[in-house]
Amino acid sequence: QVQLVESGGGLVQAGGSLRLSCAASGSRFHFSINGMAWHRQAPGKQRELVAAISPGGSINYADSVKGRFTISRDNAKNTVYLEMNSLKPEDTAVYYCARKVVTTYGYQYDSWGQGTQVTVSS
């Protein structure tokens with residue numbers, strides 16, 4: 001069982017910054033060997049991948065956030081971060097942390113946090 005707890009969301013003006021954190025825990029859970037990711041879901045839209053980071057530190061971003069968002073991880077603290085700069089109103093969404101696992105057919109996200117609301121005002 002993996003527990004993921006996000007924090008750091010809030011209300012910010014366009015152009016501002018926020019830093020999200022996701023603390024991971026669980027019995028037999030070794031954070032350092034797990035891929036982690038941030039997703040978001042805006043009202044009326046499907047959940048989408050924002051950024052992902054592999055155990056080895058490989059990173060990928062959604063095109064919409066490249067150059068503005070930075071994902072990172074601190075294995076000593078079992079925490080993954082999402083630094084968000086130059087925020088836009090269209091970044092408004094609930095942001096979720098998730099664990100990425102490799103499966104026979106590729107990969108899936110099998111554990112999710114409760115989400116943290118990010119609201120960007122214009």
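**Focus on the pattern of salt bridges**
And step 1. Overall, the coordinates contain six salt bridges when judged by the stated rule.
And step 2. Glu83 is the partner of Arg19 in a salt bridge, and the nearest nitrogen-oxygen pair spans 3.8 Å. Placement of the pair is Arg19 in strand S3 (residues 18–25) and Glu83 in strand S8 (residues 79–84), with a sequence separation of 64 residues.
And step 3. Exposure remark for Arg19: the relative accessible area of 47% places this residue in the partly exposed category.
And step 4. Its relative accessible area of 30% is what places Glu83 among the partly exposed residues.
And step 5. Arg99 serves as the salt-bridge partner of Asp110, at 2.7 Å between the closest nitrogen and oxygen. Highlighted residues: Asp110 in strand S10 (residues 106–112) and Arg99 in strand S9 (residues 93–103), separated in sequence by eleven residues.
And step 6. The partly exposed category is assigned to Asp110, whose relative accessible area is 33%.
And step 7. Salt bridges sharing partners connect three or more residues here, namely Arg40, Glu48, Arg68 and Asp91.

**Re unusual backbone geometry**
And step 1. Residues other than glycine seldom take positive phi values, yet Arg28 does so here, at roughly 60°.
And step 2. Positive phi, close to 50°, is recorded for Asn78, a residue that is not glycine.

**Describing the environment of Gln114**
And step 1. Examined against the element boundaries, Gln114 turns out to sit in the loop between S10 and strand S11 (116–121).
And step 2. Classification of Gln114 as partly exposed rests on a relative accessible area of 48%.
And step 3. As for Gln114 and Glu6, which are separated by 108 residues in sequence, their C-alpha atoms are 7.1 Å apart.
And step 4. Those residues in contact with Gln114 that lie beyond four places of it in its chain are Leu4, Val5, Glu6 and Tyr96.

**Here's the deal with the packing of aromatic side chains**
And step 1. For the structure on display, the rule yields four aromatic pairs.
And step 2. Between the aromatic rings of Tyr107 and Tyr109, the centroid separation amounts to 5.9 Å while the plane-to-plane angle is 80°, which identifies the pairing as edge-to-face.
And step 3. Arranged with centres 6.1 Å apart and planes meeting at 55°, the rings of Tyr109 and Trp112 form a pair that is tilted.
And step 4. Owing to a relative accessible area of 18%, Tyr109 belongs among the buried residues under this scheme.
And step 5. A residue is classified by how much of its surface remains accessible, and Trp112, at 33% relative accessible area, is partly exposed.
And step 6. An aromatic cluster of at least three residues, connected via ring pairs, comprises Tyr96, Tyr107, Tyr109 and Trp112.
And step 7. Lying over the aromatic face of Tyr81, Arg19 brings its terminal NZ or CZ to 4.0 Å of the ring centre.

**A look at the nonpolar core**
And step 1. Counting 28 residues, the largest nonpolar core has Trp38, Val50, Phe69, Val80, Leu82, Met84 and Tyr95 as the members making the most contacts within it.
And step 2. Sorting the residues of this core by element identifies S3, strand S4 (35–41), strand S5 (48–53), strand S7 (69–74), S8, S9 and S11 as the ones contributing at least two each.
And step 3. Those residues in contact with Tyr95 that lie beyond four places of it in its chain are Glu6, Leu20, Trp38, His39, Arg40, Val50, Phe69, Leu82, Met84, Gly115, Thr116 and Val118.

Cut-offs and rules
Residues numbered from 1 in each chain as written. Predicted model: local features only at pLDDT ≥ 70, side-chain atom pairs only at ≥ 80, totals over all residues. Heavy atoms only, no water. Salt bridge = Lys/Arg side-chain N within 4 Å of Asp/Glu carboxyl O. Helix = DSSP H or I, 4+ residues; strand = E, 2+ residues; numbered from the N terminus. Buried < 20%, exposed > 50% of the residue type's maximum accessible area, 1.4 Å probe, protein only. Contact = heavy atoms within 4.5 Å. Phe/Tyr/Trp six-rings, centres within 6.5 Å; stacked < 30°, edge-to-face > 60°. Lys NZ or Arg CZ within 6 Å of the ring centre and 35° of its normal. Core = buried A, V, L, I, M, F, W, Y, C linked by side-chain atoms within 4.5 Å.

Such coordinate-based values are descriptive only and should not be taken to indicate function.
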